[in-house]
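So you can see what is in the structure, the chains are spelled out below.
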Amino acid sequence: MALVRLGFGRQHLCLLKRSFLLLKLTAVVFAVLLFCEFLIYYLVIFRCDWPEVKTAAHGSGQKTLKAMFLADTHLLGEVRGHWLDKLRREWQMERAFQTALWLLQPEVVFILGDIFDEGKWSSSQGWADDVRRFQKIFRHPQHVQLKVVAGNHDIGFHYQMSTYKIKRFEKVFNPERLFSWKGINFVLVNSVALEGDGCHLCSEAERELIEISHKLNCSLEEPGSSLCRGLQRLPGSAPVLLQHFPLYRSSDANCSGEDAAPLEERGIPFKERYDVLSQEASQKLLWWLRPRLILSGHTHSACEVLHGAGVPEISVPSFSWRNRNNPSFIMGSMTPTEYALAKCYLPYENTVLVTYCVAAGFLVVLMLVHSGLLVSPFVFGWNLLRKFKTT
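Residues numbered from 1 in each chain as written. Predicted model: local features only at pLDDT ≥ 70, side-chain atom pairs only at ≥ 80, totals over all residues. Heavy atoms only, no water.

**Q** What am I meant to see in the UniProt feature "transmembrane region" (unreviewed entry) in the chain here?
**A** The positions UniProt marks with the feature "transmembrane region" (unreviewed entry) are residues 21-44 and 353-385. Spanning residues 21-44, this segment combines 100% helix with 0% strand, and its end C-alpha atoms are found 32 Å apart. (UniProt positions renumbered as here; feature names shortened; annotations may be inferred. Helix = DSSP H or I, 4+ residues; strand = E, 2+ residues; numbered from the N terminus.)

**Q** Mind showing me how you'd approach the pairing of strand 11 (residues 339-345) here?
**A** Looking along a regular strand, one sees the side chains alternate between the two faces of the sheet. In this sheet, strand 11 lies alongside strand 10 (residues 328-334) in antiparallel orientation, the contact comprising 7 bridges. If you follow Gly332 over to strand 11, its bridge partner there is Leu341. Counted between consecutive antiparallel strands, the loop separating strand 10 from strand 11 contains 4 residues. (Pairing = 2+ DSSP bridges.)

**Q** Hey, could you run me through the packing of helix 4 (residues 124-137) against helix 6 (residues 163-172) in this one?
**A** How two helices sit against one another is set out by the angle between their axes and by the gap between those axes. Helix 6 packs onto helix 4 with a crossing angle of 30° between their chain directions and a minimal axis gap of 12 Å. Here helix 6 runs roughly parallel to helix 4, going by the angle between their axes. Classified by chirality, the crossing of helix 6 by helix 4 is right-handed. Between helix 4 and helix 6, the residues in contact are Ser124, Trp127, Val131 and Gln135 and Tyr164, Arg168, Phe169 and Val172, respectively. (Axes fitted to C-alpha atoms, helices over the stretch in contact; angles between N-to-C directions. Parallel < 35°, antiparallel > 145°, perpendicular 65-115°, else oblique. Left-handed = near helix turned anticlockwise from the far one by under 90°. Contact = heavy atoms within 4.5 Å.)

**Q** Even after reading the chapter, I still don't get the state of the cysteines, so can you show me in this structure?
**A** Linking two cysteines covalently via their sulfur atoms produces the bond known as a disulfide. Applying the stated criterion to the full structure yields 3 disulfides. Paired through a disulfide, Cys255 and Cys303 show a sulfur-sulfur distance of 1.9 Å. With the S-S bond torsion at -70°, the cross-link from Cys255 to Cys303 turns out left-handed. Of this pair, Cys255 sits in the loop between strand 6 (240-242) and helix 8 (263-266) while Cys303 sits in strand 8 (residues 303-307); the two residues are 48 residues apart in sequence, bridging distant segments of the chain. Take Cys255 and Cys303: they sit in the same class, and that class is buried. (Disulfide = S-S within 2.5 Å. Buried < 20%, exposed > 50% of the residue type's maximum accessible area, 1.4 Å probe, protein only.)

**Q** What am I meant to see in the sheet that holds strand 4 (residues 178-181) here?
**A** In a beta sheet, neighbouring strands are held together by backbone hydrogen bonds and run either parallel or antiparallel to one another. Strand order in this open sheet of 6 strands is 4-5-6-7-9-8, and the pairing throughout is mixed. Unpaired on one side and paired on the other, strand 4 and strand 8 mark the two borders of the sheet. Between one strand and the next, the sheet's axes are offset by a mean angle of 20°, whatever the strand orientation. Looking at chain direction, strand 4 and strand 5 (residues 184-188) are connected through 4 bridges and run antiparallel. When the sheet's bridge partners are listed, Leu178 is paired in strand 5 with Val187. Against the sheet, helix 7 (residues 200-218) touches strand 4 and strand 5, its axis set at about 170° to strand 5.

**Q** Got a minute to help me understand the packing of helix 3 (residues 83-104) against helix 4 in this structure?
**A** Their axes nearest at 9 Å, the elements helix 3 and helix 4 cross at an angle of 35°. Along its contact with helix 3, which presents Lys86, Glu90, Met93, Glu94, Phe97 and Gln98, the element helix 4 presents Arg133, Lys136 and Ile137. Counted by class, the contact of helix 3 with helix 4 contains 3 nonpolar, 1 polar and 5 charged residues. (Nonpolar A, V, L, I, M, F, W, Y, C, P; charged D, E, K, R; others polar.)

**Q** Would you mind showing me how to read the nonpolar core here?
**A** Leu70, Phe138, Val187, Leu285, Leu289, Phe319 and Phe329 are the most contacted members of the largest nonpolar core, which has 71 residues in total. Per-element accounting of this core gives the leading share, 9 residues, to helix 1 (residues 2-45). Excluding residues within four positions of it along the chain, Phe319 makes contact with Leu70, Ala71, Asp72, Thr73, Met93, Ala96, Phe97, Phe138, Pro327, Ser328, Phe329 and Leu346. By size, the runner-up hydrophobic cluster in this structure holds 20 residues, among which are Phe69, Val108, Val149 and Ile184. (Core = buried A, V, L, I, M, F, W, Y, C linked by side-chain atoms within 4.5 Å.)

In structure tokens form, the structure reads like this:
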């Protein structure tokens, strides 16, 4: 009878040990998942803060607009990319974007093209599915405005672009080319159409820009000017130019920073109308619109260059971990006369991968100790301490 009780007690103890091990394994897995898939976004983005505008700091009375700029999200479609890759990248972007909205409270968000990866060739059903996933990932409160410009992956390069693709894109995303808020003018350019070869779509894009140029010039005229009669008066502020393709530059050789292009790629010459706009199209934009600031995407890397009479252009890095190990976005505090920009980095993918590897190693050690194939570190340390004391 005693032996039966002893055997039952051992079985009960063994069951308790297994349950305790399972509990520990579950706790570790849950903690690691919670950190890597949720908390890390809050911890990293919490360090970002809106830059301060000089005029606002001195009490000029101008209202400051909080604008967030990101680029090249490249949501995978039905053709390219493994389903697991698609699932992972979209989860990362959704958590990053939703966390940024909650912590930073921007008033407007601009996405500078290449929202989709396969928009240039996706079917009607594929396009509808891509749009549905985009609207889920980048959902936002009604008081936050979301503005988008087209990229070459959304409507195709010039030779792939068509009226159907442009209309399909504009049906989902407001085709508004001129957007004014709090006295600040933003011009959203379809830079894919600035080929300069006189095609129907290119001519229409240039005509729109010339009309916008006329409206902006009229904002600087005295009220009642005969040339501006009947036009809605815009704020008399030099515009901020937003587009997908950067203005012409020969290469990224003069770009620097941890999120600039790799050193071995910076000296590679850019191809006009493919990597950057042509020199002619770039000069036209500068002449027609006379912007005070330009933001663009397309290169997936950061860069800051000056054009003409010192007009700065900021190339915004890709927002997708598929394109970068260290994605980021730009935070802009803007008034009609001044602006201040700051960069907010997202979690490094290497950090997440290392965390998962360390956790996996810890789980393996935990199971080996439980099975008796490895001495517990605490037991090993205690025995070593006892041996040291006895000597």
